[in-house]
Structures are given as C-alpha cells and as structure tokens.
Amino acid sequence: MDDLRFGTRDERGYWSPRARLAIPPYWAWPPRFIDALKWLPKYLFPWNAYFMATALAYWYFVIPDFEVMKTLSWGWALRLYAVNAAAVFVTYGAVELVYYARRKQGTRFKYNARFPSDHPSSVFWFKSQNIDNFLRTFLSGISMWTAVEVLMLYAFANGYAPWLGWADHPLYLAVLVFVAPAIHEVHFFLIHRLIHTPFLYKWVHQVHHHSVNPSPWSSLSMHPVEAFLYHAVALWHLVIPSNPLIALFQLHIAGFGALNGHFGFDKLEITEGRALDGEAFSHYLHHKYFTVNYGGDGLIPLDKWFGSWHDGGPEAEAAMRERSRRKRDRSKPERRSAAGAA
Ligand SMILES: [Zn+2]
Ligand SMILES: [Zn+2]
C-alpha cells in the first residue's frame, strides 16, 4: 500500500497520518447519532473482541479452580506467570518478528523511519533497546501483571470482593464489559499523570520513556512500580460489584492492549489492499513529546479536558510548544531567586 495516500513523511523521516486524531463521536455536541452508531463496530472489533477472547480462553483453560485459589501458593502463581509470558512471547513476538526483524512492511506507515535495532544507545541495558525492553518485559512487566492477577483471583476465591453472577445480573455485567475500556482509560490517565511528577518520573517512569521510538517490546518494558500500578486497573473490580471474568478482561485490556500503543506503525498491512488500524498514534506522540496524550484515544477525553491533547496536527504542535514556553518562563524567576538566595 502507498502510505503517502494516507499521510505525509517529513524530511527527518517522521510519518504522520493526514487524518487528525479525533475523540469518539458520542462526545459531539450537537449529538451525531449516526456517527456514534458507525463508531460502535470499530470500538468492539478487532481489539476489544480480541481482549475478551483471550479472557475467555484463560477462564476456560488457564485459571485454576477457585477452590485451589483460596490458598496462595507458588504453584498456581508460577503457572499463571508461565502462561502470561508464553502468550506475550507469541503475540508481541509475532509482531516484532514480522514488522521489525523481517521488516515485511519496510517503513510504510511507520511513524519513525528508524528501527531501534539499528541504533545502539547507552541508556539501554547492553546498549540495545530490544534486549533491554525484552528483559524488562519478562522480569518486571509480566511479573507485576501476574502479581495483580493472583491478588485479584485470590480475593474473589475467598469472597473478599462482591462477585455477581451472570444469571442474576446479566444487564449490569454486560454494561460493565462495555465500559471496561473506559475504566482502563481513566485509570491509565491517572496513574500516568502521577508517574510524570518529577520524583516518580526520575525513579520509575523514565525507564519506559527511554524508548522514544517504541517497538513491540517497549509496551510492557516498565519499572516494577509502574508495571504494578498499570495492571492494578483490574483491582477496581474488587471494589465495584463485578465478576472475575470481567476483571480478567480488564487485566487483558492492559496486558495485551499495551502493544497497541507501541508497535510504531499506523497500519499493519494484511494484503495489498487491506490493512489493520493499529490505533498507536496517540501514545506514539506521548513517547515522542512526553507532555501530551497521557491517556489513550480519548474514550474519556481527559487529555482534552486538561489541555494535554495532541491530535497530530500543526495547531496542537504549536499549542504544545506554547505550553512548554510558558512553563519555562514560570520557572525562570524561581531559578533566579534561588540563585540569589544562594
Ligand atoms: Zn508507552
Ligand atoms: Zn509517560
């Protein structure tokens, strides 16, 4: 496919989609009912349906009997870690293999024309973004994913959380499934803003931001504190009346869904004329600029409400630079008076 039909590449090799990022049409005023209806299938397929399919596969084939999970033990916890690790290795690894190792698509639709493996950097373990991100994914990312999973299942098994049955509360639980991606968005925005505060950024989040040009293994390459907070979105289902299957779905939106923000391509080509939309642009801009798009795609448009939304266009770029300039100006008198006091 010709990516220049869909976007532009500047002289430094950065590709941007021509269409600006837009928040979902149900936020429009006056209401755009037809657009909101058209948006619905894209909301469900393929990504949220895929996260639900993985949750169901775990529910039927992976999660131990709840009787077993009444007691904490290394046996079932390590088994869950092994399955999570294998699932990530296969799914994230497949994208890495096809689009980054074999480079089947070249740089078509790739936001940054460079491939991390061609550019060693001393900020990474072994000077390699790939090795660093891969190791952190399995040491930290998936360990914390599993820790949250164990905690959540143990709480349900012991009756510490309000567990509603599908037969008694089908409508309420269906609505909860439907809004789970919005819960993810709000939780992610809040913990993400928190770890961008100076102290936590320096000691926790910086590790993730080393990957300015993210690739699949960057997705879960996090400091353990960030990895725990990120996956802890599933623990909301211990507070609100819910069901462990929905908690698992919530966990998979985080665990399997992290790939969406990081694979670095706007579209993954399937055939000559068909491509899968990646929905990676919003978070790619966050990795590129640090101070925009703390949330996701604007399901709940918190970035818009708090003034940190970047839709990829020149106006948003100018507004971001103006915010940075004003922030610098604000901190200057403080620096001067601190110097004077010294
Ligand atoms: Zn990221
Ligand atoms: Zn960040």
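Bear in mind that the values here come from a model prediction, so they are computed numbers and not experimental data.

When you go through the protein residue by residue, the secondary structure sums to eleven helices and four strands. Expressed along its principal axes, the backbone C-alpha trace of the protein runs to roughly 60 × 60 × 45 Å. Counting the 342 residues in the protein, one finds 36% classified as buried. Taking as baseline every contact in the protein between residues at least 6 positions apart, the subset at least 24 positions apart corresponds to 65%.

Turning to the UniProt feature "domain: Fatty acid hydroxylase" (unreviewed entry) in the protein, a few remarks are in order. Under the feature "domain: Fatty acid hydroxylase" (unreviewed entry), the UniProt entry names residues 179-308. Counting secondary structure, residues 179-308 comes out at 52% helix and 5% strand; the distance between its end C-alpha atoms is 23 Å.

Turning our eyes to something else, we now look at the UniProt feature "transmembrane region" (unreviewed entry) in the protein. Under the present numbering, the feature "transmembrane region" (unreviewed entry) in UniProt falls on residues 43-61, 81-101, 134-157 and 169-191. Between the end C-alpha atoms of residues 43-61 there is a gap of 26 Å, over a span that is 100% helix and 0% strand. Structurally, residues 134-157 comprises 100% helix and 0% strand, and the distance from its first C-alpha atom to its last is 33 Å.

This part takes up helix α1 (residues 33-61). The end-to-end C-alpha distance of α1, which contains 29 residues, comes to 40 Å, matching closely the 42 Å that a straight helix rising 1.5 Å per residue would cover. Within α1, the full set of buried residues consists of Trp47, Phe51, Thr54, Ala55 and Tyr58.

This part takes up the packing of α1 against helix α7 (residues 244-255). Between α1 and α7, whose axes approach to 8 Å, the crossing angle comes to 130°. It follows from the interaxial angle that α1 and α7 lie oblique. For α1 against α7, the interelement crossing comes out right-handed. Contact residues: α1 offers Phe51, Met52, Thr54, Ala55, Tyr58 and Trp59, while α7 offers Leu245, Leu248, Phe249, His252 and Ile253. Counted by class, the contact of α1 with α7 contains nine nonpolar, two polar and no charged residues.

With that settled, the discussion passes to helix α2 (residues 74-101). The first and last C-alpha atoms of α2 sit only 35 Å apart over 28 residues, clearly below the 40 Å expected at 1.5 Å per residue. Its maximal kink placed at Gly93, α2 deviates by approximately 30°. Within α2 the residues assigned to the buried category are Leu80, Asn84, Val88, Tyr92, Val95, Glu96, Tyr99 and Tyr100. Its buried side turned inward, α2 meets α3 (129-157), α7, α8 (258-262) and β3 (267-269).

As a rule of thumb, non-glycine residues mostly have phi less than zero, and peptide bonds are mostly trans rather than cis. Along the chain, Trp29 connects to Pro30 via a cis peptide bond; the corresponding omega equals 0°. For the bond from Phe45 to Pro46, the omega torsion is -5°, close enough to zero to count as cis. Phi is positive for Phe126, close to 55°, though the residue is something other than glycine. Here Phe126 shows up in the loop between α2 and α3. By the C-beta count within 10 Å, which is 11 here, Phe126 ends up exposed. A positive phi angle, close to 70°, is found at Phe290, a residue other than glycine. Residue placement: Phe290 occurs in the loop between α9 (281-289) and α10 (302-305).

Rules and cut-offs
Residues numbered from 1 in each chain as written. Chains lettered and ligands numbered in written order. Predicted model: local features only at pLDDT ≥ 70, side-chain atom pairs only at ≥ 80, totals over all residues. Helix = DSSP H or I, 4+ residues; strand = E, 2+ residues; numbered from the N terminus. Buried ≥ 20, exposed ≤ 12 C-beta atoms within 10 Å, placed from the backbone. Contact = placed C-beta atoms within 7 Å. UniProt positions renumbered as here; feature names shortened; annotations may be inferred. Expected span 1.5 Å × (residues − 1). Axes fitted to C-alpha atoms, helices over the stretch in contact; angles between N-to-C directions. Parallel < 35°, antiparallel > 145°, perpendicular 65-115°, else oblique. Left-handed = near helix turned anticlockwise from the far one by under 90°. Nonpolar A, V, L, I, M, F, W, Y, C, P; charged D, E, K, R; others polar. Bend = angle between axes of the 7 residues up to and from the residue.

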